[in-house]
Amino acid sequence: MRADARRNLGKIVEAAAAVMAERGSAAPMELIARRAGVGVGTLYRRFPDRAALLAAMGEHYVHSLGEALDRAVAEERDAWSALRAFVLWAGDSGRGVLAAVLAGVPEEATVGPGFEETRQRWLERFTALVRQAQADGRMRADVGVDDVVALLNLFACHPGPLPAHVAARPTWFLGLMLDGMAAGAAQG
């Protein structure tokens, strides 16, 4: 894919997430194209129908999770710090828009040809990071990968708006929950 085509793809997917967050998954394709700053023809050449756009949104989302996880691992000093950095990144309200939109769409609509393979690679790397944080003694052994994913889903895929006091400080609340997953946190 040419560089300009990749940029347009990213702009369209991000615009689609924003527009669908505002207007629902049935938002007009013309509005998505306008928000992305591309012509309707460009949108339909890349995505002949809404299902193709939703599938691209799903693949874009899991791909961005993988890139963010790799960045956190490269930039942080240990597995626990990388896990915290990734969760805080993924739970940011701006990034949660795409996750929330996708959570409201039937899963089969968001699964394109590369989705499952990309998701599986991300999940394997994420699982290895959780296990490493536990092996390093920095994360509670009784917290599983599913628990961390549930925390992310709570913030990123919340079915409605978060309570106002949580939405005002989502990073603080995510940090608080992560502190409960740290080694030495009270168990109950």
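Residues numbered from 1 in each chain as written. Predicted model: local features only at pLDDT ≥ 70, side-chain atom pairs only at ≥ 80, totals over all residues. Heavy atoms only, no water.

The next thing to look at is the overall build of the protein. Counting secondary structure elements, the protein contains 11 helices and zero strands. In the protein, the succession of α and β elements from N to C terminus is α-α-α-α-α-α-α-α-α-α-α. Here the protein holds 188 residues, and the buried ones make up 40% of them. Contacts in the protein between residues far apart in sequence, at least 24 positions, make up 67% of those at least 6 positions apart. (Helix = DSSP H or I, 4+ residues; strand = E, 2+ residues; numbered from the N terminus. Buried < 20%, exposed > 50% of the residue type's maximum accessible area, 1.4 Å probe, protein only. Contact = heavy atoms within 4.5 Å.)

Residues lying three or four places apart along an α-helix face the same way, a consequence of the helix completing one turn every 3.6 residues. Spanning 26 residues, helix α4 (residues 50–75) covers 37 Å between terminal C-alpha atoms, matching the ideal 38 Å at 1.5 Å per step. The distance from a side-chain oxygen at the start of α4 to the backbone nitrogen of Ala-51 is 3.2 Å, and the residue carrying that oxygen is Asp-49. (Expected span 1.5 Å × (residues − 1). Polar contact = N/O pair within 3.5 Å; in protein donor to acceptor, adjacent residues only side chain to side chain.)

Bringing the pattern of salt bridges into the picture now. A side chain of one charge can pair with a side chain of the opposite charge when the charged atoms of the two come close. A complete count under the given rule lists seven salt bridges for this structure. Linking Asp-179 and Arg-84 is a salt bridge whose minimum nitrogen-to-oxygen distance equals 3.0 Å. Pair noted here: Asp-179 is in helix α11 (residues 170–179) and Arg-84 is in helix α5 (residues 79–90), with a separation of 95 residues, a long-range link. For Arg-84, a relative accessible area of 22% gives the class partly exposed. (Salt bridge = Lys/Arg side-chain N within 4 Å of Asp/Glu carboxyl O.)

Right, let's get into the nonpolar core. Trp-80, Leu-83, Phe-86, Val-87, Phe-126, Met-139 and Val-148 are the most contacted members of the largest nonpolar core, which totals 33 residues. Mapped by element, the contributors of at least two residues to this core are α4, α5, α8 (115–135), α9 (145–156) and α11. Per-element tally for this core: the top contributor is α5, with seven residues. Here Val-148 is in contact with Leu-83, Val-87, Phe-126, Val-130, Met-139, Val-143 and Met-181, once residues within four sequence places are set aside. Met-29, Val-38, Leu-43 and Met-57 belong to the second largest nonpolar core, which has 21 residues in total. (Core = buried A, V, L, I, M, F, W, Y, C linked by side-chain atoms within 4.5 Å.)

Another aspect to go through is the packing of α8 against α9. Between α8 and α9, the shortest axis-to-axis distance is 10 Å and the interhelical angle comes to 110°. It follows from the interaxial angle that α8 and α9 lie roughly perpendicular. Taken as a pair, α8 and α9 cross one another with a handedness that is right-handed. Contacts between α8 and α9 involve Trp-122, Leu-123, Phe-126, Thr-127 and Val-130 from the former and Val-145, Val-148 and Val-149 from the latter. Of the residues that constitute the contact of α8 with α9, the class distribution is seven nonpolar, one polar and no charged. (Axes fitted to C-alpha atoms, helices over the stretch in contact; angles between N-to-C directions. Parallel < 35°, antiparallel > 145°, perpendicular 65-115°, else oblique. Left-handed = near helix turned anticlockwise from the far one by under 90°. Nonpolar A, V, L, I, M, F, W, Y, C, P; charged D, E, K, R; others polar.)

The next subject is the packing of α5 against α11. Remark: α5 packs on α11, axes separated minimally by 10 Å, with the N-to-C direction vectors making an angle of 145°. Between α5 and α11 lies a crossing whose hand is right-handed. Contacts from Trp-80, Arg-84, Val-87 and Leu-88 of α5 reach α11 at Thr-171, Leu-174, Gly-175, Leu-178 and Asp-179. When its residues are assigned to classes, the contact of α5 with α11 shows five nonpolar, two polar and two charged.

By the secondary structure assignment, Thr-118 is in helix α8. Taking relative accessible area as the criterion, Thr-118 reaches 17% and is therefore assigned buried. Setting aside residues up to four positions removed in sequence, Thr-118 forms contacts with Val-62 and His-63.

Another aspect to go through is helix α1 (residues 3–23). Helix length check: α1 (21 residues) gives 30 Å between terminal C-alpha atoms against 30 Å at 1.5 Å per residue, within 8%. Remark: Gly-24 follows α1 within two positions and exhibits a positive phi of approximately 95°.

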